[in-house]
Amino acid sequence: MPPVQSSTSGPHLVAAPLALILAALTGGLLATPVINEIHYNNDRNTIANEFVELYNPGPGEADVSGWQLTGGIEFTIPSLTNMLVGDFLVVAQRPATVDSLYGTDSLGPYVGGLSGEGETIDLVDASGVRIDRVNFGVDFPWPTAADGTGSSMELIKATLDNNLGSSWRSSSTAGVLGPPTAGSVNSTASAVAPPNIRQVVHTPEQPTDSEPTVITAKVSDPEGVSSVQLEFRLVAPGAYVPAYLAKSHSALLSNPTSPRTPNPAYETNWVTVAMLDDGLGPDAVAGDEIYTATIAAQPNRTLIRYRIEVTDIPGESITVPYFDDESLNFASFVYNGIPDYLAAARSFSGATPYIHTAANLETLPGYHLLTTQADFDQCVAYGGTKIPSNNFDARSEFNWSGTFVYNGVAYDNIKYRLRQRNARYSGAGKRSFRFRFNRGNFVQFHDLWGNPYPTKWRTLNSHKMSARGGTNFGLYEAINAILWNLTGTPAPHAHWFHFRVVKGAVEAPRGGNGQYYGDFYGLLLGMEDYDRRFLKAHNLEDGNLYKLKSYVLNGLEVLRYQAPNAVPNGSDYSNIINNLRPQQSDAWLNRNVDWNSWYHYHAIVDAVRHYDVQPNTGEHLKNRSFYFKPHPGSRYGLLNVLPWDSDTSWGPNWNGGVGFVKNAMGARASYNLEYRNVVREIRDLVAWLGSLTRNDPPAPPSRSRPSWSTSGGSGSRSSSPSSASGSR
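On a predicted model such as this, the values are computed, not experimentally measured, just so you know.

A. Region of the structure containing the sheet that holds strand E40 (residues 638-643). Judged by pairing direction, the sheet is antiparallel, and its four strands sit side by side in the order E38-E37-E39-E40 without closing on themselves. Each edge of the open sheet is held by one strand with a lone partner, namely strand E38 (559-561) and E40. Along the sheet, successive strands turn relative to each other by an average axial angle of 25°, direction set aside. The pairing of strand E37 (residues 545-547) with strand E39 (residues 624-629) spans three bridges and is antiparallel. For Tyr 546, the partnering residue across the bridge sits in E39 and is Phe 626.

Following this line, the structure appears as structure tokens:
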């Protein structure tokens, strides 16, 4: 049944039952409307159903004429708009869409957009006074499922501080995520406010085996707090307990996309202790709403999982992390630091035993994976059954669980699998992995120089650093990425890391073959993934993004990001693989390809011999990405080809690097001339950069066009693209 529209409080308002009676009882006192629901990142970007909802809790009517929503969006509420007690007012990205979906009568459209990375929204009255502010985030204590699952974030109770993440929940019913509730009572609304929990911190962030772990949380409740309980579980090294069970090989092949089964053992052996705010022991100040508990020092390489349950005086209770948090619990990893690595059986030096000192190992960042021996063995399949290369769904399934530790932070209950097509299981050495982190707990990685990347990563791709011809130490892909990014082609950033897998009781076993059985796995190359964060990190406009795979012709199966205003059916992808051919006219080519982008991309392809592609839809469809740059003269956007999997470059290679674009260009004189101009430009740039090591480097090369060049086929030239768990 659609919400009841108020006939007395102006258009676009939804009146709660008995609103007039409540207003009369308050004697017409002034009211303060609040920001009550925010839908900022739908699960389907092509449906423009984002909105901000206001609610008037009373005690009286509110004239909101001329009020504004500012910050990430801008909108001025029309004149003669009054909100009675209990009224909802929805301001929508696209009112017709929101009204058709939720049966409301919304205002809008607003200017701007709500960020999927967090946003500030201010409600300002007609005189310019700020009435309300919500500076929301996407990680704890803010509702994590509101970021891309289709749910909104809802204020639990209008009297709560709505600038605290713990005052909100993802729209849901009985713990099951549900759609937004625009213009009606929030699905998570509660007459009695549950306890408010935030600022969950454990100290030290990564304790040693001689240090206890002190856990604190800020807890408040308008009715008073009855109890705060810490629940924790210790996971010993070599005895990892995954939250979900991996599918058997046969189940993975036959039904790869089915949900994994929760592991009953995950809920066993939790210990409960009281958290106190009494100013005694580790609790610094009594009565400051900071509750504290201590876990005694634990052995090296122990994983500490914990969660917090709070009960208020009326009996309402809540547990954090909240139900929609995929991480399931908070976590800390006890670690004494990377030990020396003893190569007793075999060493690059030829002499054994050889000690690789901890100091040398620590020159690269160390990443840990905690997992079970059985899960790891099934995944890497050294002696086990391998997933066939033609079972794309099984190969793409993140079937195995673990805990990933980097920079002292434990990212619990993440998923992992192998990557690569032809070289996935080659040899008996290292494997290339793909790690998927949980919504609300993406990882801030760092580049080769220790600088943080522009965005947190949802996915880490790793490479085993060997390909055709044997070990290459990751130089090919790492240097290629630098060259592409330097010369104007957005390419996945890459960096080296030192990888350790905690799957046994002993970190560094002694003995003749001990070097093969401890935590040390080796050095790997880490690579950025193609997704919406890639576009943001490389300052690219919102456009459809595809990561190509062999034989996969349906663009929706390789779509990594669906842009809000781009075609929603993969037809841009199909247009290129089916129609980009030599017989097309120059006009067609210019409407569908960003030639300036391709010239820069392919100049490096030729320079490093990244040739393992062909203009076909079979095996050699892989090793590249398609990004469609929005353009007013193009139905689909202009194709930008971006690089991937260039590990077999820098030498003799398969194929000749002829992709769809080069094949279509053929011998067209004007296009080939423009391409040679770009090659010369890049050659001069690289030569100048090399000259910087001299005492008297020359001036940088000019980027102006030579007088003998032509503009045919190039299109327009574009510039080169250049802590604690919840603080509120």
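Now, onward.
B. Geometry of the sheet that holds strand E11 (residues 130-136). Taken in spatial order, the five strands make up an open sheet running E9-E6-E5-E10-E11, and their pairing is antiparallel. Pairing within the sheet leaves two strands with one partner each, and these edge strands are strand E9 (111-112) and E11. One ladder, built from two bridges, connects strand E6 (residues 73-76) with E9; its direction is antiparallel. Among the inter-strand pairings, Glu 74 is bridged to a residue of E9, identified as Val 111.

C. Quick look at the nonpolar core. Leu 580, Trp 595, Trp 598 and Phe 626 are the most contacted members of the largest nonpolar core, which totals 35 residues. Put simply, the parts of the chain that give this core at least two residues each are helix H9 (571-579), helix H10 (586-592), helix H11 (595-608), E39, E40, helix H12 (660-665) and helix H13 (669-691). Per-element tally for this core: the top contributor is H11, with eight residues. Among residues more than four places away in sequence, those in contact with Trp 598 are Val 641, Val 661, Lys 662, Met 665 and Tyr 675. Core analysis: the next-biggest nonpolar cluster, separate from the first, contains 32 residues, Val 64, Leu 107, Phe 136 and Trp 142 among them.

D. View of H11. Compared with the 20 Å implied by 1.5 Å per residue over 14 residues, the 20 Å span of H11 between its first and last C-alpha is a close match. Burial of H11 is extensive: 12 of the 14 residues sit out of reach of the surface. Within H11, the full set of buried residues consists of Trp 595, Asn 596, Ser 597, Trp 598, Tyr 599, His 600, Tyr 601, His 602, Ala 603, Ile 604, Val 605 and Val 608. Packed against the buried residues of H11 are helix H7 (475-486), H10, E40, H12 and H13. Downstream of H11 by one or two residues, Arg 609 has phi in the positive range, about 60°.

What counts, and where the lines are drawn
Every chain's residues receive numbers from 1 upward, in the order its sequence appears when written. Restriction of local features to residues with pLDDT of at least 70 applies here, the model being predicted, together with a cutoff of 80 or more for giving and counting side-chain atom pairs; totals for whole chains, interfaces and linings are based on all residues. No hydrogens and no water enter the side-chain calculation; it runs on all heavy atoms of the structure. Only strands joined by at least two bridges in the DSSP assignment are considered to pair. Helix numbers and strand numbers start at the N terminus; a helix is a DSSP run of H or I with at least 4 residues, a strand a run of E with at least 2. For helices, the axis comes from a line fit to the C-alpha atoms of the stretch in contact; other axes are also lines fit to C-alpha atoms, and the angle between any two N-to-C directions lies between 0 and 180 degrees. In this description, a nonpolar core means a group of buried Ala, Val, Leu, Ile, Met, Phe, Trp, Tyr and Cys residues linked to one another through side-chain atoms lying within 4.5 Å. Categorising residues by exposure relies on relative accessible area from a 1.4 Å probe, with only protein chains included: less than 20% of the type maximum marks a residue as buried, more than 50% marks it as exposed, and the intermediate range marks it as partly exposed. Note on contacts: a residue pair qualifies if any of its non-hydrogen atoms lie within 4.5 Å across the two residues. One less than the number of residues in a helix, times 1.5 Å, gives the span that helix is expected to have.

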